[in-house]
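Structural overview for review
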Amino acid sequence: MKTVDIAPAQNYIGGLYESNEARSMDVVSPLDGSVISQVPLSGPGTVDKAVQAAKQALPAWVNLTIKERVQVLYKFRTLMEDNMHELTNLVHQENGKTYGEAKAEVLKGIELTEFACSLPQLLNDEILEVSKGVECRTTHVPVGIVASITPFNFPFMVPLWTIPNAIALGNCMIVKPSELVPLSTIRIAELLKEAGLPDGVVNIVHGDKEVVEAICDHPEIEAVSFVGSTRVAKIVYKRATSNLKRCVSLGGAKNHLIVLSDAHEEMAATNIAASMSGCAGQRCMAASAMVAVGQVDHIINRLCEVSRSIIPGENLGSVISKAAKERIEKYISEAEAAGAKVLVDGRNATVEGKEGGFYVGPTVIDYVTPDMAIAKEEVFGPVLAIMRTNDLDEAIRIENSSNYGNASSVFTQNGGLAKYVMERVSAGMVGVNIGVPVPREPFSFGGWNESRFGAHDITGKSSIHFWTKLKKTTTKWNPEAFTNWMS
Ligand code: NAD
């Protein structure tokens, strides 16, 4: 069954659509397994073509003031609102998340664009008379031609983590969306063009590993941002920086929620269930491991009740592929075989009328031990592994032992204990009584440890440093009468 009729995806270079690639693949809707489009798998020649288009667009784009550049983004924001239903449906179809989750993703894209519109207000460069008659001034200058490589799980939001800020700050871009979900990025480019973005400022090159490698190797690309799994984040970071580019590379996650016995039962249960199952657990901020400290059976019981009310195909979307479903179910079965207790079992889920779709129901597994794969590795599905301890410091040690460091939350009504945990967990984004502690604009997004490589966060004010280079200008006017040691 065909879900929607969408034209084959094409590369978008210098304002023109083209696809003359030898390789291509089907775009499959995970909602029902139907083929909804095709995507070209490009090579290094196409990356170079896109770089030349960006190079041609760059001088005129840099020459505009930032206030002029963001005018396009104001219009783009309105166009996203005008096309809300269509954009939401596209995200829903190509990614498989629920319509409501897809709408939240589009709204988040709007918020990210609003932040970029505010950059002229934030970018007040510094100036100081450092010695009599001598002034120093800093200016944020665009880096030049930059690239953004994105994952499958947020086809609309993650491209908008980078595109609005990078172009507002004067760069021209090559965007490489996940080949699994190429369609939302194309709509972003179409709406940007409708909003008045000059051709060549944003270019899209579809593909897989080959495109990513060509981006990392291209001598005229100055900066590379990457979001995806830790395995690939490491490859990209090493390859881009060994070619002397700046790089911020965000990887995977294993987020721990530490639940104390005094936690508010309903708040903890509903927040944890939503964090574990939202977007079918395919969020880098999803709750994946819960460390129960002391007597929290009442919270676990309620968490299981809430989880049972989350139904695939109704208020739970699909996972991205058959392979993802199989991987997730294997983690559950292996944990069970190793002695963990499956309290809520999401294996073998199907949705009537969508038998070709890839569904895993919410899964809660108790008595997981820290040495099990499900406790250590990123499962990326609607699965919560519960570990138990009677010792808060042991709970913190379990969290600290993770290679990742994206998010961590504590659930308690004791402010002192919450502070104790927040100061000791090893994660870039931490929360108290919140399942998904995403810092919203203007705060920046980025984890620690193997969840992020590179010096800067990818959004918010921190991203200004990534997308610009500082020029320091020293000016001397009429200083002769005031000569001192630094004149
Ligand atoms: P992925 O690493 O498989 O793919 C990401 C991008 O890398 C895609 O564009 C893909 O085409 C490309 N790619 C894949 N294999 C490659 C290779 N061998 N060499 C070069 N490029 C390659 O990630 P995914 O499955 O699309 O996304 C899910 C992952 O992304 C999860 O691990 C999730 O935690 C992570 N993620 C992290 C964040 C964060 O902020 N830290 C945000 C969203 C997603």
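Each remark here, short or long, concerns the structure printed above.
Residues numbered from 1 in each chain as written. Predicted model: local features only at pLDDT ≥ 70, side-chain atom pairs only at ≥ 80, totals over all residues. Heavy atoms only, no water.

Here's the deal with the pattern of salt bridges
Should their charged atoms come close, side chains of opposite charge can pair. For the structure shown, the criterion picks out 31 salt bridges. Between Glu-81 and Arg-77 there is a salt bridge, with the nearest N and O atoms lying 3.3 Å from each other. Highlighted residues: Glu-81 and Arg-77, both in helix α2 (residues 66-82), separated by four residues, approximately one helical turn. Between Arg-397 and Glu-394 there is a salt bridge; the shortest N-O distance is 3.2 Å. Note that Arg-397 and Glu-394 are positioned in helix α14 (residues 392-400) at a spacing of three residues, about one turn of the helix. By sharing partners, the salt bridges in this structure join Lys-108, Glu-111, Arg-440 and Glu-441 into a single network. (Salt bridge = Lys/Arg side-chain N within 4 Å of Asp/Glu carboxyl O. Helix = DSSP H or I, 4+ residues; strand = E, 2+ residues; numbered from the N terminus.)

Re the sheet that holds strand β6 (residues 134-142)
An order of β5-β6-β20 is seen for the three strands of this open sheet, with the pairing classed as antiparallel. Each edge of the open sheet is held by one strand with a lone partner, namely β5 (127-131) and β20 (468-476). The sheet shows a mean angle of 30° between the axes of neighbouring strands, direction not considered. Bridging between β5 and β6 involves four bridges; their strand directions are antiparallel. In the strand pairing of β6, Glu-129 is matched with Glu-135. (Pairing = 2+ DSSP bridges. Axes fitted to C-alpha atoms, helices over the stretch in contact; angles between N-to-C directions.)

What about the side chain of Thr-88?
Among the secondary structure elements, Thr-88 is positioned in helix α3 (residues 84-95). Sequence-distant contacts of Thr-88, defined by excluding residues within four places in its chain, comprise Tyr-99, Ala-102, Lys-103 and Val-106. (Contact = heavy atoms within 4.5 Å.)

Considerations on the site of the ligand
As a matter of local geometry, the ligand sits amid 27 residues, with Lys-176, Glu-179, Ser-229, Gly-251 and Glu-378 nearest to it. At 2.6 Å from an oxygen atom of the ligand is found a side-chain nitrogen or oxygen belonging to Ser-229. If the ligand stood free it would expose 840 Å²; the protein chains cover 90% of that surface. At the level of secondary structure, the elements contributing two or more residues to the shell around the ligand comprise α8 (209-217), β10 (223-227) and α9 (230-242). Class assignment of the residues belonging to the shell around the ligand gives a composition of 13 nonpolar, nine polar and five charged. (Near = heavy atom within 4 Å. Polar contact = N/O pair within 3.5 Å; in protein donor to acceptor, adjacent residues only side chain to side chain. Areas by Shrake-Rupley, 256 points an atom, 1.4 Å probe, with all protein chains shown as cover. Nonpolar A, V, L, I, M, F, W, Y, C, P; charged D, E, K, R; others polar.)

Focus: the sheet that holds strand β15 (residues 363-366)
One open sheet accounts for seven strands, arranged β14-β15-β16-β13-β12-β17-β18; its pairing is mixed. Of all the strands in the sheet, just β14 (341-344) and β18 (429-432) have a single pairing partner and so form its edges. Here the strands of the sheet are splayed against their neighbours by 20° on average, with no regard to which way each runs. Where β14 and β15 come together, three bridges link them in antiparallel fashion. In the sheet register, Val-342 faces β15, and the bridge partner there is Ile-365.

Structural notes on the packing of aromatic side chains
Inspection of every chain in the model, using the stated rule, returns five aromatic pairs. Look at Tyr-237 and Phe-453: their rings are 6.2 Å apart centre to centre, the planes differ by 35°, and that puts the pair in the tilted class. With Tyr-237 in helix α9 and Phe-453 in strand β19 (residues 452-453), the pair connects residues that are 216 residues apart, well separated along the chain. Its relative accessible area of 26% is what places Tyr-237 among the partly exposed residues. Residues Phe-466 and Trp-467 carry aromatic rings whose centres are separated by 4.8 Å and whose planes lie at 75° to one another, so their mutual orientation is edge-to-face. Take Phe-466: its relative accessible area is 4%, and that puts it in the buried class. (Phe/Tyr/Trp six-rings, centres within 6.5 Å; stacked < 30°, edge-to-face > 60°. Buried < 20%, exposed > 50% of the residue type's maximum accessible area, 1.4 Å probe, protein only.)

Bear in mind that shape data such as this cannot, by itself, settle questions of function.
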